[in-house]
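# A closer look at the structure
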Amino acid sequence: MLAAKFGGVQCPVCSSEETRVVDSRSADDGQSIRRRRACSDCGHRFNTFERVEVSAHAAVLVTKQSGQTEPFEAAKIVAGLTAAAKGRPLAAADFESLVFEVEELARRRGGVVTSRWIGLAVLERLKQLDDVAYLRFASVYKDFSEIGDFQREAQLIKHESSSGPT
Ligand SMILES: [Zn+2]
């Protein structure tokens, strides 16, 4: 569950920790993220505002397969996701929070990750959002992973949906 990854925020009304994110949007030019949350127990809705600490906002570096290292470019990944999700019921905020989450994870892992790691982290989250966008993104960025994995994934998804009309 994607929502579970944002857990740990208590409901201000009933103190339940079963709260889920219903909307996310970046603010302050990407320095902050505003989340709309809903309590699963009492239904109360509230906002959280998460600010990236300046000290924790060191650049994340990505090592490419060629051995070259370049800075993590959130905008580039968001653009790739937007293209992959054309016509799908996903909002820009979905991609921004996805990429934000991956960047934070990379930072916690020491700030230097491989392009393959980034690709898999993005794909893992995208798969939970939308199967079609996931497969399109996987096919465009196939250098992120073994092509065989994606073919197997495609067959699994095809098999799962073969009971209904396509
Ligand atoms: Zn509550």
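Parameters at a glance
- Residues numbered from 1 in each chain as written.
- Predicted model: local features only at pLDDT ≥ 70, side-chain atom pairs only at ≥ 80, totals over all residues.
- Heavy atoms only, no water.
- Helix = DSSP H or I, 4+ residues; strand = E, 2+ residues; numbered from the N terminus.
- Buried < 20%, exposed > 50% of the residue type's maximum accessible area, 1.4 Å probe, protein only.
- Contact = heavy atoms within 4.5 Å.
- Areas by Shrake-Rupley, 256 points an atom, 1.4 Å probe, with all protein chains shown as cover.
- Polar contact = N/O pair within 3.5 Å; in protein donor to acceptor, adjacent residues only side chain to side chain.
- Pairing = 2+ DSSP bridges.
- Axes fitted to C-alpha atoms, helices over the stretch in contact; angles between N-to-C directions.
- Donors = N, O, S within 2.8 Å, 3.2 Å for Na, K, Ca; no water.
- Tetrahedral: all angles 85-135°; square planar, octahedral: opposite > 155°, others 65-115°.

Moving on: the overall build of the chain. Looking only at helices and strands, the chain features five helices and six strands. Listed N to C, the secondary structure of the chain is β-β-β-β-β-α-α-β-α-α-α in terms of helices and strands. Counting across all 166 residues of the chain, residues that qualify as buried make up 35%. Sequence separation of 24 or more characterises 47% of the internal contacts of the chain that already satisfy a separation of 6 or more. By element, 51% of the accessible surface of the chain is carried by carbon and sulfur atoms, the whole surface being about 9,900 Å².

Looking now at the side chain of Thr48. Tracing the chain through its elements places Thr48 in strand β3 (residues 45-51). A distance of 3.1 Å separates a polar atom in the side chain of Thr48 from a polar atom in the side chain of Arg37. Excluding residues within four positions of it along the chain, Thr48 makes contact with Val9, Ile33, Arg34, Arg35 and Arg37.

It is worth spelling out the sheet that holds strand β2 (residues 32-39) at this point. The strand order across the open sheet formed by three strands is β1-β2-β3, and the pairing between neighbours is antiparallel. If you trace the sheet from one side to the other, it starts and ends with β1 (19-27) and β3, each paired once. With direction set aside, neighbouring strand axes in the sheet form an average angle of 25 degrees. Two strands pair when backbone bridges link them, and β1 and β2 are joined in this way by eight bridges, in the antiparallel orientation. For Asp23, the partnering residue across the bridge sits in β2 and is Arg36. Most of the contacts of helix α2 (residues 92-108) go to β1, to which it runs at about 95 degrees, and overall it touches β1 and β2.

Now for the coordination of the zinc ion. Around the zinc ion, the protein contributes the donor atoms Cys11 (SG), Cys14 (SG), Cys39 (SG) and Cys42 (SG), which lie 2.2 to 2.4 Å from the metal centre. Here the zinc ion is ringed by four donor atoms whose angles at the metal span 106 to 117 degrees, and the overall shape comes out tetrahedral. Written as a sequence motif, the donor residues of the zinc ion are C-x2-C-x24-C-x2-C. Here the residue Cys11 occupies a position in the segment before β1, and Cys39 occupies one in strand β2, the gap between them amounting to 28 residues. When its relative accessible area of 2% is taken as the criterion, Cys11 is described as buried. Owing to a relative accessible area of 3%, Cys39 belongs among the buried residues under this scheme.

This part covers the sheet that holds strand β5 (residues 69-71). Strand order in the open sheet formed by three strands is β5-β4-β6, with mixed pairing between adjacent strands. The outermost strands of the open sheet, each flanked by one partner alone, are β5 and β6 (112-114). Between one strand axis and the next, the sheet turns by 35 degrees as a mean value, whatever way the strands run. With three bridges joining them, strand β4 (residues 61-63) and β5 adopt antiparallel strand pairing. From the neighbouring strand, Thr63 faces β5, where its bridge partner is Thr69. Along the sheet, helix α3 (residues 115-129) makes contact with β4 and β6, crossing β6 at roughly 80 degrees.

These figures come from the coordinates and say nothing about function on their own.
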